[in-house]
Protein chains: 2
Amino acid sequence: MASSVLSDCSLPAPARLLPFQRSVQSRTSQFQRSVSFAWRPLSLSAIRSTASPHWSLSASASVAVTTETSAKVIDGKAVAKQIKDEIAGEIVRMKDGIGIVPGLAVILVGSRKDSQTYVRNKKKACEAVGIKSYEANLPEDSTEEEVLKHIACFNDDPSVHGILVQLPLPRHMNEEKILNAIGLEKDVDGFHPLNIGRLSMQGRDPLFVPCTPKGCMELLHRYGVEIKGKRAVVIGRSNIVGMPAALLLQKANATISMVHSYTKNPVEITRQADIIISAAGVANLVRGSWIKPGAVVIDVGINPVDDAQSPRGYRLVGDVCYEEACKVASAITPVPGGVGPMTIAMLLSNTLSSAKRIHDFNNHKKAYAGCMYILSPEALSTI
Amino acid sequence: MASSVLSDCSLPAPARLLPFQRSVQSRTSQFQRSVSFAWRPLSLSAIRSTASPHWSLSASASVAVTTETSAKVIDGKAVAKQIKDEIAGEIVRMKDGIGIVPGLAVILVGSRKDSQTYVRNKKKACEAVGIKSYEANLPEDSTEEEVLKHIACFNDDPSVHGILVQLPLPRHMNEEKILNAIGLEKDVDGFHPLNIGRLSMQGRDPLFVPCTPKGCMELLHRYGVEIKGKRAVVIGRSNIVGMPAALLLQKANATISMVHSYTKNPVEITRQADIIISAAGVANLVRGSWIKPGAVVIDVGINPVDDAQSPRGYRLVGDVCYEEACKVASAITPVPGGVGPMTIAMLLSNTLSSAKRIHDFNNHKKAYAGCMYILSPEALSTI
């Protein structure tokens, strides 16, 4: 174990993805893809150059790593299960009350194995809580117009309350144009710029909060982590995770800093944080020395690393060197089993929320069942 | 002078506005109003309580104040004049090229003296550069529907390229509903959530950047202040200044932190900043000791303080204790004459930009004449 710890945390940040890793990366879900976006401004060689010295250990801080405290494990799998149970209960209440069952439509273009797996998993998750799922499978060579036509149909279909276009789309399609075609009131991914704008603004209320950052906030609230007045650092600034996570923390009255590939002294900044959310997509980027003793660490990254002992030849690790971090942090999410399971739970939560809003079902804030940070009066006043 | 320095900088942050100050505050323009929004989450008493000790001087840092360097003055008045000249030139080029003159419509509801003054000033500024201005003056007791009807007319009028509703609106009106009715392609204030969303997102491009933060960025670029990779701290998080300013700095690849009324240790954070933008609306909040030696300071605040020697009985000061700051900073904006004049220049720039976009006038990026940070390839790729 100790040796595996060392081999894990001594891994360099990947300068580039090997072909098999690329396929793994492509099997990751939306929030993982977003993580790689966070580094787009830099070329791979630039990433390599910023990886050192910017990402190197801080000698002065490394002492912290040697302390023998052990962080509380934030069990995203268990929380996600609890939330799904709450959502299932809400769906029964809604069906009994107004005879409506929430519906989620997923549009899949092409035949990527990984995308097919996601769609299948989302379908399963929907069925498990009582959400009706709809699917549109289009061939790889479909035109933009065909995809837009299906979106328009789902926009008009009263039995569909959430629409999700499985990414990535084939290269010949304009992703922005297609995502913007999804009706705002059915944009359960919360990626529409109008949703992001309302998320950014004080006193405005987005219809949907993007699933992965919402899951991160939910974990913080479920574990009673105080956010107001705390220093929070978000590593990575993708549209799907880093940026909305920072906006949510700020709305919850944290003092936020955003660390990204142009940041010259990330360790100096993360060492000041009471809360760290890492969505960088770089294996073992965040060492124990990056973390203030007692900080809470949310690890969004899921990164493939070689593992000869694994039948697949690789295993998935987070952005955070878990073995080091859990000796410094007061609480930490594992990878896998941390943020990952929360994303799909939040997708189901958003779909239920949408159905309640569209049908004006009483007390529709309960659509956020299990989303305490939305239910808390303070959050309600700001989000 | 020395005594006036002391009297200025020793002023406490105002716990509440006296009636005469309120009227002064209401005479301030949009970016100043926004400043007070930044503190909405706190009650006035809470502001008083956070004003101390959170806002107190840091003894360890106060040494910096005693250094005798003198900051370069960032002359917003001169830059604004230069930009207006560039805009006037562009308008002539456009008129000669396609016979189109940009038009700005301002809707004023009620008869507030201060609002009337703003509208008059905007009209003058338009005339000075060749923009045609349109006005709709409605009585205080107008209905929302009447205002919305005028907005709809201006939305449909091809000779109007920018629409601005003078704030504040009468209490009985829903500001959000009215502002959202302005056609996105004519929202020259850039306050529409869709604009803010696109401003927040990597790889998206807002149609308009809000005028005051755009003016702050413009000053930084005009004075050759490097932003990429620098630590930037924004004080205040209003929808109109603080939040969009932080988003713009982040898009320009600064590492940003946002300080607000819930921040426990603002001095500690601002002392790390290479660039400070203060939009707090608290007179002399930022002391010399808050500033890292050599930092660049942009002061958005315009706050009334008693001045028996002034015929008006008050004078306007910034958020930053200028006399202390200019001994520590490498460059600083004065108040007045710093950010203030830039706001209206950016409004004219946005109106010209809108006209060029609507009429597809060649090289319409030149509509941002004088807005170097928009014209710079790096900014173009991110904003």
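Residues numbered from 1 in each chain as written. Chains lettered and ligands numbered in written order. Predicted model: local features only at pLDDT ≥ 70, side-chain atom pairs only at ≥ 80, totals over all residues. Heavy atoms only, no water.

Asker: Even after reading the chapter, I still don't get the overall build of chain A, so can you show me in this structure?
Answerer: Counting its regular elements, chain A contains 16 helices and 11 strands. The 383 residues of chain A split such that 60% are buried. For chain A, the share of sequence-separated contacts (at least 6 apart) that also reach a separation of at least 24 residues comes to 73%. As displayed, chain A has an accessible area near 14300 Å², and 57% of this comes from carbon and sulfur atoms. (Helix = DSSP H or I, 4+ residues; strand = E, 2+ residues; numbered from the N terminus. Buried < 20%, exposed > 50% of the residue type's maximum accessible area, 1.4 Å probe, protein only. Contact = heavy atoms within 4.5 Å. Areas by Shrake-Rupley, 256 points an atom, 1.4 Å probe, with all protein chains shown as cover.)

Asker: So what exactly am I meant to see when it comes to the pairing of strand 5 (residues 231–235) of chain B here?
Answerer: Residues and elements named next belong to chain B. Most of strand 5 sits out of view: 5 of its 5 residues are buried. Sheet topology places strand 5 next to strand 6 (residues 255–259); 5 bridges connect them, and they run parallel. Each bridged residue has a counterpart across the sheet, and for arginine 231 the counterpart in strand 6 is threonine 255. What joins strand 5 to strand 6 is helix 11 (residues 242–251), and the crossover it makes is right-handed. Bridge analysis of strand 5 against strand 7 (residues 275–278) gives 4 bridges, and the strand direction is parallel. Across the sheet, isoleucine 235 pairs through a bridge with serine 278, a residue of strand 7. (Pairing = 2+ DSSP bridges. Right-handed = clockwise from strand over helix to strand, strands pointing away.)

Asker: Hey, could you run me through helix 10 (residues 211–222) of chain B in this one?
Answerer: A turn of α-helix holds 3.6 residues, and therefore any two residues three or four places apart point the same way. Residue and element names in this part refer to chain B. Taking 1.5 Å as the rise per residue, helix 10 with 12 residues should run 16 Å; its terminal C-alpha atoms sit 16 Å apart, in good agreement. Where burial is concerned, most of helix 10 is hidden: 11 out of the 12 residues are buried. Glycine 224, located one to two residues past helix 10, shows a positive phi value of around 65 degrees. (Expected span 1.5 Å × (residues − 1).)

Asker: Where do I start with the pairing of strand 3 (residues 132–138) of chain B in this structure?
Answerer: Put simply, side chains in a regular strand alternate between the two faces of the sheet. All names here are of chain B. The pairing of strand 2 (residues 103–109) with strand 3 spans 7 bridges and is parallel. Each bridged residue has a counterpart across the sheet, and for alanine 105 the counterpart in strand 3 is tyrosine 134. Read from strand 2 through helix 6 (residues 113–129) to strand 3, the crossover connection turns out right-handed.

Asker: So what exactly am I meant to see when it comes to the sheet that holds strand 3 (residues 132–138) of chain A here?
Answerer: Remark on secondary structure: sheet strands pair via backbone hydrogen bonds, oriented parallel or antiparallel. All names here are of chain A. Reading across from one edge, 3-2-4 is the order of the 3 strands in this open sheet, with parallel pairing throughout. This sheet does not close on itself; its edge strands, each paired only once, are strand 3 and strand 4 (162–165). For this sheet the average axis-to-axis angle between neighbouring strands, irrespective of direction, equals 15 degrees. The sheet contact formed by strand 2 (residues 103–109) and strand 4 spans 4 bridges and is parallel. Across the sheet, the residue bridging to leucine 104 is glycine 162, located in strand 4. Against the sheet, helix 6 (residues 113–129) contacts strand 2, strand 3 and strand 4, and its axis sits at roughly 170 degrees relative to strand 2. (Axes fitted to C-alpha atoms, helices over the stretch in contact; angles between N-to-C directions.)

Asker: Explain the UniProt feature "domain: Tetrahydrofolate dehydrogenase/cyclohydrolase NAD(P)-binding" (unreviewed entry) in chain A here, please?
Answerer: On the UniProt side, "domain: Tetrahydrofolate dehydrogenase/cyclohydrolase NAD(P)-binding" (unreviewed entry) is annotated at positions that read residues 210–357 of chain A here. Within residues 210–357 of chain A, the helical portion is 33% and the strand portion 19%, while the C-alpha atoms at the span's ends are 17 Å from each other. (UniProt positions renumbered as here; feature names shortened; annotations may be inferred.)

Asker: Help me understand the relation of the copies chain A and chain B in this model?
Answerer: Look at the two chain copies: a rotation about an axis and a shift along it is all it takes to match them. It takes a turn of 180 degrees to lay chain A on chain B, together with a shift of 0.0 Å along the axis; the resulting RMSD is 0.0 Å. Given the turn and translation reported, the copies of this chain are related as if by a two-fold rotation axis. In terms of proximity to the rotation axis, the leading residue of chain A is glycine 197 of chain A, whose C-alpha is 1.7 Å off the axis. When you check the interface residues of chain A against chain B, 100% turn up at the interface there too, and the contact is symmetric in its surfaces. (Least-squares fit on C-alpha atoms with pLDDT ≥ 70 in both.)

Asker: Just to check I follow, could you spell out the interface of chain A and chain B for this structure?
Answerer: How big an interface is tends to be stated in terms of the accessible area lost upon association of its parts. Listed by partner, the interface residues are 36 residues for chain A and 36 residues for chain B. Both faces considered, chain A and chain B share a buried interface measuring about 3300 Å² in area, 50% of it formed by carbon and sulfur atoms. For the pair chain A and chain B, the interface holds 6 salt bridges. Of the charged contacts, one joins glutamate 268 of chain A and arginine 231 of chain B as a salt bridge, the two residues approaching to 4.0 Å between their closest N and O atoms. In this assembly, chain A and chain B are joined by 17 residue pairs in polar contact (both at pLDDT 80 or more). The element best represented in the side of chain A that touches chain B is helix 9 (residues 193–200) of chain A, accounting for 6 residues. (Buried area = accessible area lost by both parts, 1.4 Å probe. Salt bridge = Lys/Arg side-chain N within 4 Å of Asp/Glu carboxyl O. Polar contact = N/O pair within 3.5 Å; in protein donor to acceptor, adjacent residues only side chain to side chain.)

Asker: Looking at this structure, how should I read the sheet that holds strand 2 of chain B?
Answerer: All names here are of chain B. Spatially, the 3 strands line up as an open sheet ordered 3-2-4, and their pairing is parallel. Among the strands making up the open sheet, the edge pair consists of strand 3 and strand 4 (162–165). Across this sheet, the average inter-strand angle for adjacent strands is 15 degrees, counted without regard to direction.

Asker: Would you mind going over the nonpolar core with me for this structure?
Answerer: A general tendency of soluble globular proteins is for nonpolar side chains to be buried together. In this structure, Leu220, Leu249, Ile256 and Ile277 of chain A together with Leu220, Leu249 and Ile256 of chain B are the most contacted members of the largest nonpolar core, which totals 120 residues. Not counting residues up to four positions away in its chain, the partners in contact with isoleucine 256 of chain B are Ile256, Ser257 and Met258 of chain A together with Ala232, Ala246, Leu249 and Gln250 of chain B. (Core = buried A, V, L, I, M, F, W, Y, C linked by side-chain atoms within 4.5 Å.)

Asker: Would you take a moment to explain a negative patch on the surface for this structure?
Answerer: Residues Glu140, Asp141, Glu145 and Glu146 of chain A make up a contiguous surface patch of negative charge. For aspartate 141 of chain A, the location among the structural elements is in the loop between strand 3 and helix 7 (144–156). (Patch = residues over 30% accessible without salt bridge, like charges linked within 9 Å, V, L, I, M, F, W, Y side chains within 5 Å. Lys, Arg positive; Asp, Glu negative; His and termini not counted. Charge placed at Lys NZ, Arg CZ, Asp CG, Glu CD.)

Asker: Can you walk me through the confidence of the model for chain A in this structure?
Answerer: For any part of a model where pLDDT is low, the fine detail of the predicted coordinates should not be relied upon. All names here are of chain A. A residue-level look at chain A finds 77% of positions with pLDDT of 70 or above and a mean pLDDT of 82. The low-confidence segment residues 372–383 (pLDDT under 50) makes 32 contacts with residues lying over four places distant or belonging to another chain. Across the interface, the model reports ipTM at 0.81; the global pTM reads 0.82. (pLDDT = per-residue confidence, 0-100.)

Asker: I tried to follow helix 9 (residues 193–200) of chain B on my own but got confused; where do I start?
Answerer: In terms of burial, helix 9 of chain B is a largely internal element, 8 of the 8 residues being buried. Within helix 9 of chain B, the full set of buried residues consists of Pro193, Leu194, Asn195, Ile196, Gly197, Arg198, Leu199 and Ser200 of chain B. Turning to helix 9 of chain B, the residues buried within the fold contact helix 8 (175–180), helix 9 and helix 11 (242–251) of chain A together with helix 8 (175–180) and helix 11 of chain B.

Asker: When you look at the side chain of arginine 231 of chain B in this model, what are you seeing that I'm missing?
Answerer: Residue and element names in this part refer to chain B. Residue placement: arginine 231 occurs in strand 5. Classification of arginine 231 as buried rests on a relative accessible area of 5%. Separated by 2.7 Å, the side chains of arginine 231 and glutamine 272 make a polar contact.

Asker: What's the story with the environment of valine 73 of chain B in this structure? I'm lost.
Answerer: All names here are of chain B. With respect to the element layout, valine 73 can be found in strand 1 (residues 72–73). Note: C-alpha distance between valine 73 and cysteine 326 (253 residues apart in sequence) is 8.3 Å. In contact with valine 73, not counting residues within four places along its chain, are Tyr223, Tyr322, Ile332 and Pro334.

Asker: What is the right way to read the packing of helix 5 (residues 76–98) of chain B against helix 10 of chain B from this model?
Answerer: Helices that pack against each other are described as a pair by the angle of their axes relative to one another and the distance between those axes. All names here are of chain B. It is the contact of helix 5 with helix 10, at a shortest axis distance of 11 Å, that shows an interaxial angle of 95 degrees. Classified by the angle between their axes, helix 5 and helix 10 sit roughly perpendicular to one another. Of the residues in helix 10, those touching helix 5 at Gly76, Val79, Gln82, Ile83 and Glu86 are Glu218, Leu219 and Arg222. (Parallel < 35°, antiparallel > 145°, perpendicular 65-115°, else oblique.)

Asker: When you look at the environment of lysine 251 of chain B in this model, what are you seeing that I'm missing?
Answerer: All names here are of chain B. Secondary-structure assignment places lysine 251 in helix 11. Looking at lysine 251, the relative accessible area reads 1%, which means it is buried. Considering only alpha carbons, one finds lysine 251 and methionine 201, 50 residues apart in sequence, at a separation of 8.6 Å.

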